[in-house]
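# Architecture at a glance
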Amino acid sequence: RSQSGLEVAAEFAQSAYSGFGNPGTLTGGFGPGDTVVTGRFAVPRLPQNLGPVCTNLERVLFLHCVPLFVDFEPEDLLTLARSSEEKTFSEGQRLFNQGDLGDEVYVLITGRVQISVATGQRPQVVTVLGPGDCIGEMSVIDGSPRSATATVVGPAQSARLLCIAGDTFRRFLEERSHVAGKVIGVLASRLRQLVERAHAPVGPGGAPLPRIGSRS
């Protein structure tokens, strides 16, 4: 029998507050040492003991630790978990190419994915993403072609991802205005960080200078 949203919410709450991060356990309470600050968002640390194939509950707990979904209700996370498909990509395999139609959203469970853009004769690496990062959601949301190429890279020989069909993700947002607002907030924060980074003053050797009041 499949679980209802309320049943998963209850199980989620019980799991989320019963020893998260202890050796030999999958989940538990999110104490001060179990959170990571990403931009203006504090998110729980990713579960470390996921099974070879994630159950719906494991997917819910994992998605709760992804910045894009951190403020979602358990019932909404369950809907995404049930509609997702787990896939494994080998090192060197591409999730998508620059210019492709955005038809899927990816969430990295394990491994690394390199994001690069075509500039002249050689591709330029923009960033390398890791577990908990969401890939490809912008193209799915606005319907534009992929703005970059995503390729699985080492040191691991493969990457494990949760994949959500683009139509499913768009319909999910359209049917839940409260969720769409949260997603917009996260994406706006991410864009703000990119703009600030692009306009940050540069010191000797090309390193960005710390801003006034920064502790770094």
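Quick notes on the rules
Residues numbered from 1 in each chain as written. Predicted model: local features only at pLDDT ≥ 70, side-chain atom pairs only at ≥ 80, totals over all residues. Heavy atoms only, no water. Helix = DSSP H or I, 4+ residues; strand = E, 2+ residues; numbered from the N terminus. Buried < 20%, exposed > 50% of the residue type's maximum accessible area, 1.4 Å probe, protein only. Contact = heavy atoms within 4.5 Å. Areas by Shrake-Rupley, 256 points an atom, 1.4 Å probe, with all protein chains shown as cover. Pairing = 2+ DSSP bridges. Axes fitted to C-alpha atoms, helices over the stretch in contact; angles between N-to-C directions. pLDDT = per-residue confidence, 0-100. Phe/Tyr/Trp six-rings, centres within 6.5 Å; stacked < 30°, edge-to-face > 60°. Core = buried A, V, L, I, M, F, W, Y, C linked by side-chain atoms within 4.5 Å.

### Here we look at the overall build of the chain
Summing up its helical and strand segments, the chain has 6 helices and 10 strands in all. Going through the 216 residues of the chain one by one, you find that 42% of them count as buried. For the chain, restricting intrachain contacts to residue pairs at least 6 apart in sequence, the fraction spanning at least 24 positions comes to 66%. As presented, the chain carries roughly 12,100 Å² of accessible surface, and 53% of it is formed by carbon and sulfur atoms.

### Here we look at the side chain of Thr151
Here Thr151 lies in strand 9 (residues 149-153). Ignoring any residue separated from it by four or fewer positions in sequence, one finds Thr151 in contact with Gly92, Gln93, Arg94, Arg112, Val113 and Gln114.

### Considering the sheet that holds strand 9
Taken together, the 4 strands give an open sheet; going across it, the order is 4-9-6-7, and neighbouring strands pair in antiparallel fashion. Both outer strands of the open sheet, strand 4 (94-96) and strand 7 (122-129), are each paired with one neighbouring strand and no more. Each adjacent strand pair in this sheet contributes to an overall mean axis angle of 30 degrees, direction not counted. Bridge count between strand 6 (residues 112-119) and strand 9: 5 bridges; the pairing is antiparallel. Bridge pairing in strand 9 links Gln114 to Thr151.

### Quick word on the sheet that holds strand 5 (residues 104-110)
Taken in spatial order, the 4 strands make up an open sheet running 3-10-5-8, and their pairing is antiparallel. A strand with exactly one partner marks an edge of an open sheet, and here the two such strands are strand 3 (84-90) and strand 8 (134-135). In this fold helix 2 (residues 56-64) packs onto strand 3, strand 5 and strand 10 (158-165), with an angle of close to 95 degrees to the strand it touches most, strand 5. Running at roughly 55 degrees to strand 3, helix 3 (residues 74-83) makes contact with strand 3 and strand 10 of the sheet.

### Quick notes on the confidence of the model for the chain
For the chain, the average pLDDT comes to 75, and 68% of its residues sit at 70 or higher. For the stretch residues 1-42, pLDDT sits under 50, and the model shows 83 contacts to residues farther than four places along the chain or on other chains. Low confidence marks residues 209-216, where pLDDT is under 50. Its contacts with residues over four positions away, or in another chain, come to 5 contacts.

### Remarks on the packing of aromatic side chains
Under the criterion given, the structure shown has 5 aromatic pairs. Each ring, one from Phe89 and one from Tyr106, has its centre 6.2 Å from the other, and the planes form 80 degrees; the classification is edge-to-face. With Phe89 in strand 3 and Tyr106 in strand 5, the pair connects residues that are 17 residues apart, well separated along the chain. Of the residues examined, Phe89 reaches a relative accessible area of 10% and is grouped as buried. Among the aromatic residues, those joined into a ring-pair cluster are Phe69, Phe72, Phe169 and Phe172.

### Considering the nonpolar core
Membership of the largest hydrophobic core comes to 29 residues, with the highest contact counts inside it found for Leu63, Leu68, Phe69, Phe72, Leu80, Val107 and Phe169. Elements with a contribution of two residues or more to this core: helix 2, helix 3, strand 5, strand 10, helix 5 (166-174) and helix 6 (177-198). Each residue touching Phe169, except ones within four places of it in the same chain, is listed here: Leu68, Phe69, Leu80, Val105, Glu137, Val140, Ile141 and Ile164. The next biggest cluster of nonpolar side chains, apart from the first, holds 16 residues, and it includes Leu95, Leu129, Leu161 and Cys163.

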